[in-house]
Every structure is written in C-alpha cells, then in structure tokens.
Amino acid sequence: MRNHIIRALPLLAASFIFTLALRAELDLGAIDSSVRPQDDFFEYANGSWLKTVEIPGDQLGWGSFYELIDRTQKNLHEICENAAAASARAGSPARMVGDFYASGMNEGAINAAGVKPIQPQLDLIAGIKSRADVIKVIAALKQIGVRNSFGFYVDADEKDSESYLAQVTQGGLGLPDRDYYFTDSEKMKKLRAEYVEHIAKMLVFAGDPPETARVAAQAVMNLETKLAAASRTRVQLRDPEANYNKTAVADLAKITGDFDWAVFFKAIGARNVRSVNLGQPDFMRAFAAQLNETPLADWRAYLRWNLVRGAAPCLGDDFVNENFAFYGRALNGQKEIKVRWKRVTESIDDGIGDALGQLYVAKYFPPASKARVLKLVEDLRSALRARIETLEWMDAPTRARALEKLNSFSVKMGYPDKWRDYSTLTISRDASYVENVFAANAYEMRRNLAKIGQPVDRTEWFMTASTINAYYNPVENCIVFPAGILQPPFFDANADDAVNYGGIGSVIGHEMTHGFDDQGRQYDARGNLKDWWTPQSTEAFNKRAAVIIDQFNNYTVLDGALHVNGTLTQGENIADLGGVKIAYAALQRALAGQSRAKIGGYTPEQRFFLSYASIWREVRRPEYRRNLIVIDPHSPAEWRVRGPLSNLEEFWKAFDVKEGDKMRRGGSDIVTIW
Ligand SMILES: [Zn+2]
C-alpha cells in the first residue's frame, strides 16, 4: 500500500466509555501548568489528562483519535442496529448492512456451526496433490480475501499513471514484519515460540489431531522464516524505484522459474494480463523456489493455517478467543477482546464500506463541513505555494516543477462522488457470517481485477467515509479526507480559526507535504514515478532529510529502551514538520484583519499549537508501542509534538522559547524543509 496516511491503522477502535460529549472547544483542562511549555510541550499541553487517563481494557491505547473512533463507532452501531431491525428493499445499502450485521451478531448460529462454514476451503486444501494445485489454492483463497503467500492486486502503473498494472508484492507472513522472525531478543524468541503454539492450537480447532498440528505448526514457521529471509525491510520498501520492476508475462520465468503464472491468473480470475510489476523480485524468486522445494504436506499446512487465521474472527468462540490471545494480547498487550458489535461493525466497514458509508454520511456529515474544509485546503495550498516560491535551498527549475505539482493536487473531501455498485454482491441474513465476509471480499477482488486494461479511475477512494484518517496518493497526486476525520477535535465548525488550523489544518498540511517527502517527491504532477529534480536540489533535500533522520533516531520510547527508527519514519516526520508550518502560515493569513484577542488566556498562535498538541494526545500499551516501533512509519505521538515544534521558530515565538530550552534545537540541528 503506497498511500501515506496520517496515522497507523492496525487494530484501532472503540472503547466502553459512552459518556463523552462532542468537544466544541479547545480542552484547556488537559494542560499541566506545572510543566514549562519550553521544556516539554507535549506534557504541558496534555499533562493533566495524562495523569488520570486509563486505557480501556479492550483498547491498545487511548487519546484523541481513539475517542473520536469510539464516538464514530457508536454512530455506526446505531446505523447497523436500525438497518437490521428494518426490512429495506433487497439490494439497498440498508438491507445489505442490516443482513450483514444480523449474520455477525448471531452468536448462537456461529458457535453451533463450528468449522463448517470453512469446510469447503479446508477440503480444497486437503485435496492438493501437485504444485499446480498449490498455485490454484493460493489463488482460490486470495479470491475470498484470505491473505497468503504474496500480494496480488491491480493498481495504477507508477510510470504510466493513467493505466492499471497487475502488482505482485512480498507477503505471506503471519507475524507483523520480517524482523519478528530474526530479532535475537528474549522477547522476540518468546513471541516466536508463542506463535508456533498458537498455530498448533488453531489447527486443532480446525480438526487436526494435536500431534499433526504441532508438526504442521513448525512446518509453517519454517516456511514463513524462509519467506521472511527473502523479504525486504520496511526501510528498503521506502524506495519506489526499487519496487518498480515491470515485467512482461513472457519474461516472468527468468525470475520465478517454472511458477505457472497462467495457472495462477486463470484460477484467480485475472484476464488479459500482459505485464506485471514484480515489486520485490528476490522475494518472488525465493517463493517460487520454495514452491518446488517445500513438501506438499507443508504447503497444505501453511494454506490451512492462513485460511484459519483469516476466518478466525468470524468463526466460533474458540477461534475468536485464541486469535485474540495471540494477535490482541501477546502481540499488542490488549487486555480484553472488544464486544461483538464493535467487531462486527468493523468487519462491515471493511467488507461493504461504501454501503455503510452512504448511511453514515446521510446521517452524520453536514454538507457545510465539506465546503468549509475545502476552503481550508485552498488556504493551505496558497501557504505552501508561498513557501515553495521562496525556499532558499531549491533551484529555479525544480521550483517550477514543484509549483506545477502543487497546483495539480486534486482533493477528495468527505465521501466519494460515486459509491460502489454492489449489484453483483449478495449478502444474506441466512448465510453464515464468514460466508458474507468472503462474499464481500470476493466482490472486491472481482472489482479490482476487472481494472486490468482499463484507464485509471481517479474518482476511487481507498478509505471508507467514516474512517478517522487521511491519505495522500502519489500516483493520483491527490489528498483525501474522509468524513470521519472532519469532526472535533480535528475540525469544529464552532471553534475559532486557531483551533481548526492547528487541528485539521495541520492534517491537511501533513498530507500535502507527503507529495514532497522522501518518497512523494519522486512522483511528478501527473503521478508518474519520474525524477523531476536537479541534482543540486536533490542534494539539498537529502542534506535536510539526513538531519531529521538523525533527530528522530535520538528519540526513545519505553523508558529509553527502544529507539525511534529515524529512517523508517522520515516521510511522516517531514510531513508533520511541513504540515504544522504551512498550517501556521495559513492561519496568519486568515487572521489578517481579525481580532487577535486571547481566548481562555491564550493568543491565537498559542491556541494553534495547543490544538496541534491535543490531536496527538495519546497513551499506548507498552507491547503495542514495541510492535509499532518495528512496523509503523509514524513516530510515537509524543515525538510528533516535541519533534516538529522544537524545529519551529513560529512555536518558539508563540511560547517564548529561548535558546538552550529543550523545545528549541540550535544551529545546524534545526531542520526546515518545506
Ligand atoms: Zn502521513
């Protein structure tokens, strides 16, 4: 996934706190005035809140994002309940959502069915007799959304952004990252042992005798470890040129040997594939070798495991609880599983997000918000334009192309202009929950594969309308803001400009800056991966990026035990720094001619930075922090406040930060990029 988002997606959601009211104003009660803002602005802005916060048992953390996700999920819950109680016209969004929800909430039927709903797929796997059969089953599982082996999907061709291209990427791992298979620490060793045990337990639930399951689990681990060894690191994956290896189908054999692509394309339903982008050729070379070298029995075990893992959240309690015990508790420190309605609501949003999104937007998204935030976007664009026009480190030819790129940015706000057409998808209240999930996934796969040979549809969305997040997509040169994030504390129609520019304004600036971060800058105004920089400007950019890498490498989490990976997080750190700087400049333009009276004792500039710090108000469980340090390209929330602001003279001025104060970097350590 190349989209650059405002925060990590995994395993976020709601809590049991039902009493939070919409916050219409800046929450000054969170401030801890015993901390000097010049020493630690994160603690100053959020300290009182941090002292009393408790992470709800079913959550990985708590804070502004979580609270908003929680509120939004309760709205979605109500929509689902109402849809299930009504009997809307067959095929309508309300009917699909209601039937999907009813099937997911039918705990009695789900538990009574046991493993039966996935028996057809288990039989398919058991029937594997040849290498060609393995390929067919890999494809069959992918068709219903069961991830395994490698990634396969259709997306824009990065060097011909108007055309679609089939994409093959590394994948196939059950742990969160390749590093989990190799890191030589006690924690990781323990986690690997727990993982193998977990696989064995799940295979027993799926019908294996315990001894068979134990052997199979070890075989899965061995195979995954080989795939992990051939996988690129997350830092290596940041290089889009290295990930671009367009290969004619006739030439694939040079890399993947006798892996039979014709069998794979036919089995998955991909027609007229002429070329493929092999994202990571070494991985696919290793994968094809394993297909020949690994015994068929081990492939059956691996695919059975992937099926069970993918389906577990929608099966009976034994699967659900064991899945949670590993992926929720062991890996991320979550104390208790979320109640069923939360899990089902999330899976409907995943499965038929445009049906749920239509109902959500109709009820909860005021059209006035869209117009207001679109104006904000243009304010931010003007501010960034003014910055690019005067950047001291960029030469004239590069500047001209940077401005062309900025002017070409397209914006999607709130929800898609056209919703997905679900007329070929059947969701049934009488089907099992997992069948409905598989049907929705199969619809998405068909929709995706049908793009081959078509021009790129630039109206498509890659997030659902209720999502609390935002993204920049470099191949479309487009920034996207779902309705979900256009709510307090990010955006509030009743709040003063300073609060909105510090909140949603910084988010908009962040996404815009992604067009010019270490990755985004490599794509041109049309969304093509094409170097438009002069060597001099490239060098000047890299010099500045190196300083921000160094800055964040020095930050630690978990009592100093772990370091932030400055290289992995550089794009997000550049976007945070640029985003807040541009949003501040836009606020200054907006304030011209307005009253600059203090509100709540703070100047507009101070309120801007307090608003910025409040959106990153967050605590996380230690296990989750440990996991995110490996997999998340975003820095931990506290560093997203301290890091950018300690580089920003606008902040120093607002809070009278002097040389030598902790919140003020000095000399050649100060980073300014955009
Ligand atoms: Zn981002």
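Residues numbered from 1 in each chain as written. Predicted model: local features only at pLDDT ≥ 70, side-chain atom pairs only at ≥ 80, totals over all residues. Heavy atoms only, no water.

A. Representation of the pattern of salt bridges within the structure. With the rule as written, the count across this model stands at 44 salt bridges. Of the charged contacts, one joins K189 and D184 as a salt bridge, the two residues approaching to 3.5 Å between their closest N and O atoms. Accessibility expressed as a relative area gives 63% for D184, which makes it exposed. Across the salt bridge formed by E650 and K581, the nearest N and O atoms sit 2.9 Å from each other. Of this pair, E650 sits in helix α25 (residues 649–654) while K581 sits in helix α21 (residues 570–591), and the two are 69 residues apart along the sequence. Given a relative accessible area of 15%, E650 falls into the buried group. Within this structure, R420, E444, R447, K451 and E460 form a network of salt bridges that share partners. (Salt bridge = Lys/Arg side-chain N within 4 Å of Asp/Glu carboxyl O. Buried < 20%, exposed > 50% of the residue type's maximum accessible area, 1.4 Å probe, protein only. Helix = DSSP H or I, 4+ residues; strand = E, 2+ residues; numbered from the N terminus.)

B. View of the pairing of strand β3 (residues 151–157). Most of β3 sits out of view: 6 of its 7 residues are buried. Direction of pairing for β3 relative to strand β4 (residues 160–169): antiparallel, over a ladder of 7 bridges. In the strand pairing of β4, G151 is matched with T169. The turn linking β3 back onto β4 is made up of 2 residues. (Pairing = 2+ DSSP bridges.)

C. Fine view of unusual backbone geometry. Cis rather than trans, the peptide bond between P488 and P489 has omega equal to 5°. On the secondary structure map, P489 appears in the loop between β9 (478–482) and α19 (497–514). Of note, D559 is a non-glycine position whose phi angle comes to about 55°, a positive value. Mapped onto the fold, D559 is located in the loop between β10 (556–557) and β11 (562–563). Under the relative-accessibility criterion, D559 is labelled exposed at 85%. Phi angles above zero are rare outside glycine, and D656 is one such case at about 55°. Locating D656 in the fold gives a position in the segment after α25.

D. Layout of the packing of helix α8 (residues 210–229) against helix α12 (residues 296–311). Axis separation between α8 and α12 bottoms out at 9 Å; the angle between their running directions is 90°. Of the possible angle classes, the one that applies to α8 and α12 is roughly perpendicular. Contact residues: A216, A219, V220, L223, E224 and L227 in α8; D298, W299, A301, Y302, R304 and W305 in α12. Tallied by class, the residues present in the contact of α8 with α12 amount to 9 nonpolar, no polar and 3 charged. (Axes fitted to C-alpha atoms, helices over the stretch in contact; angles between N-to-C directions. Parallel < 35°, antiparallel > 145°, perpendicular 65-115°, else oblique. Contact = heavy atoms within 4.5 Å. Nonpolar A, V, L, I, M, F, W, Y, C, P; charged D, E, K, R; others polar.)

E. Just the environment of L223, in detail. Structurally, the position occupied by L223 is in helix α8. Under the relative-accessibility criterion, L223 is labelled buried at 3%. The sequence separation of L223 and G172 amounts to 51 residues, and the corresponding C-alpha distance is 9.6 Å. When neighbours within four sequence positions are excluded, L223 is seen to be in contact with Q290, T294, W299 and Y302.

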